[in-house]
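# Observations on chain architecture
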Amino acid sequence: RHLPEGVTLRSVSLLDEEYVVVFGTRRQPYTGVTEGVVYRTEDAGETWTECGRGQLPALVYGRAFSEESQLVVGQPTPLHPSGIYRTDNAGVTWK
């Protein structure tokens, strides 16, 4: 499967043969605004779901500890402060 235009991946977490989470950054065309992206698959890459769109700054690193618990490190942007974010609900919300 191809990545959407403007997406660069930074980290991959393999939890088992089927469940994989990838972390990266999307640069919007024309505006150049960046945001963090997290995609997960539960079927070894046949299908991918984007998690928590619009909630994260551009990502430097990400790690999944379980299907629910994940941690990311973000870069500063005008829309998001820099820092460490975590989720305990599989990327639905980030704190």
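Let me begin by describing the structure that accompanies this report. Counting of residues starts from 1 at the beginning of each chain's written sequence and follows it residue by residue. Only residues with pLDDT of at least 70 get local features here, since the model is predicted, and only at 80 or more are side-chain atom pairs given and counted; chain-wide, interface and lining totals rely on the full set of residues. Excluded from the side-chain calculation are hydrogens and water; included are all heavy atoms of the structure.

### Some details on the overall build of the chain
Applied cut-off: Only DSSP runs of H or I reaching four residues or more are called helices, and only runs of E reaching two or more are called strands; each is numbered from the N terminus. Each radius of gyration is computed over the set of C-alpha atoms, and the globule rule expresses the reference value as 2.2 Å times the number of residues to the power 0.38. Throughout this description, buried means an accessible area under 20% of the type-specific maximum (1.4 Å probe, protein chains only), exposed means over 50%, and partly exposed covers the range between.
When helices and strands are counted, the chain shows 0 helices and 7 strands. Element order for the chain, N to C, with α for helix and β for strand: β-β-β-β-β-β-β. For 95 residues, the compact-globule estimate of 2.2 N^0.38 gives 12 Å, and the chain sits close to it at 13 Å. A principal-axis box enclosing the C-alpha atoms of the chain has dimensions of 35 × 30 × 20 Å. Residue burial in the chain is summarised as follows: out of 95 residues, 39% are buried.

### Some words on the sheet that holds strand β1 (residues 7–14)
For clarity, the cut-off: Pairing between strands requires that DSSP locate at least two bridges from one strand to the other.
Strand order in the open sheet formed by 4 strands is β1-β2-β3-β4, with antiparallel pairing between adjacent strands. One side of each edge strand has no neighbouring strand; the edge strands of this open sheet are β1 and β4 (49–50). Of the pairings in the sheet, the one linking strand β3 (residues 34–41) to β4 comprises 2 bridges and is antiparallel in character. Counterpart to Y39 in the pairing with β4 is E50.

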